[in-house]
Each structure stands twice: as C-alpha cells, then as structure tokens.
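Observations on the model geometry
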Amino acid sequence: MINGGHVIIYSRDAEADRAFFRDVLEYPHVDVGGGWLIFRLPPAEVAVHPTEGPETQELYLMCDDVDATVTDLAARGVEFTQPVTDARWGRLTRFRLPGGGEVGLYEPRHERATDL
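These remarks concern the structure in this document. Keep in mind the model is a prediction, meaning the values are calculated, not measured.

So, about the pairing of strand β5 (residues 90–96). In terms of burial, β5 is largely enclosed, as six of its seven residues are buried. One ladder, built from five bridges, connects strand β4 (residues 80–87) with β5; its direction is antiparallel. Opposite Asp86, over in β5, you have Arg91 as the bridge partner. Taken together, β4 and the strand that follows it, β5, pair antiparallel across an intervening segment of two residues. The sheet contact formed by β5 and strand β6 (residues 102–108) spans seven bridges and is antiparallel. Its bridge partner being in β6, Arg91 is matched across the sheet by Glu107. Taking the residues that link successive antiparallel strands as the turn, the β5-β6 hairpin has five residues, and the phi of Gly100 there is positive, at about 105 degrees.

Each value, and the rule that gives it
- Residues numbered from 1 in each chain as written.
- Predicted model: local features only at pLDDT ≥ 70, side-chain atom pairs only at ≥ 80, totals over all residues.
- Heavy atoms only, no water.
- Buried < 20%, exposed > 50% of the residue type's maximum accessible area, 1.4 Å probe, protein only.
- Helix = DSSP H or I, 4+ residues; strand = E, 2+ residues; numbered from the N terminus.
- Pairing = 2+ DSSP bridges.

Written out as structure tokens, the structure reads:
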C-alpha cells in the first residue's frame with residue numbers, strides 16, 4: 001500500500017534552500033545525517049495537466065489567504081517573482097528560493113482534495 005509521497009527539489013544551492021524551508025517557512029524536519037534535511041509538508045494533492053510541450057513537474061504550496069501569506073513571507077525577506085494574479089482555479093504567485101529555483105504559491109478556489 002502506498003502511504004505517502006516524497007517531493008524532490010533539485011537546487012544549485014541545496015544548503016541555502018534547506019535553510020529556507022527550515023528557517024523561513026519553519027517546516028518541521030528530520031536530519032538524516034550530514035545536514036541532509038527532509039521536511040514534513042502540509043497535506044498535499046497531485047494534479048495531472050495535459051501538455052503539448054516537454055513533460056515537467058512544478059511545486060505549488062497552498063494557502064488560505066495568498067495576500068496575507070505574501071505579506072508575511074515578504075517581511076521575512078522572500079522575493080516574489082510575479083504579482084498575485086487571478087485564475088479560474090485560484091489566486092497565485094511565485095517566489096524565488098535562495099538556490100535560484102522558483103516555487104508557486106496559490107489560494108485555491110476549488111474544493112481541496114486534502115479535505116477528503
């Protein structure tokens with residue numbers, strides 16, 4: 001029986017990105033040795049979207065109030081790479097990780113699978 005998932009973020013500065021998840025997002029974690037941190041994520045969903053281009057994966061973190069979350073994270077020094085925009089399915093933005101990657105952040109307008 002599958003009982004969980006494991007998300008991997010590849011980074012040019014993994015130590016800085018681990019510190020970001022630990023110190024800025026304050027995600028609980030375990031140290032599996034040598035400073036290699038594995039973080040507990042909030043409840044998660046998986047969506048499968050069609051594409052005509054290359055197959056890729058994205059990480060979006062969800063929140064209840066994107067404006068309040070952006071204000072809080074910006075006060076902690078997080079750099080947002082796009083303004084909050086409205087989509088049929090939610091309000092979204094993106095922020096930069098210290099290692100250079102980006103993570104999406106959105107406030108869903110749809111029923112959450114995490115509520116099932």
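After that view of the structure, there is still more to cover.
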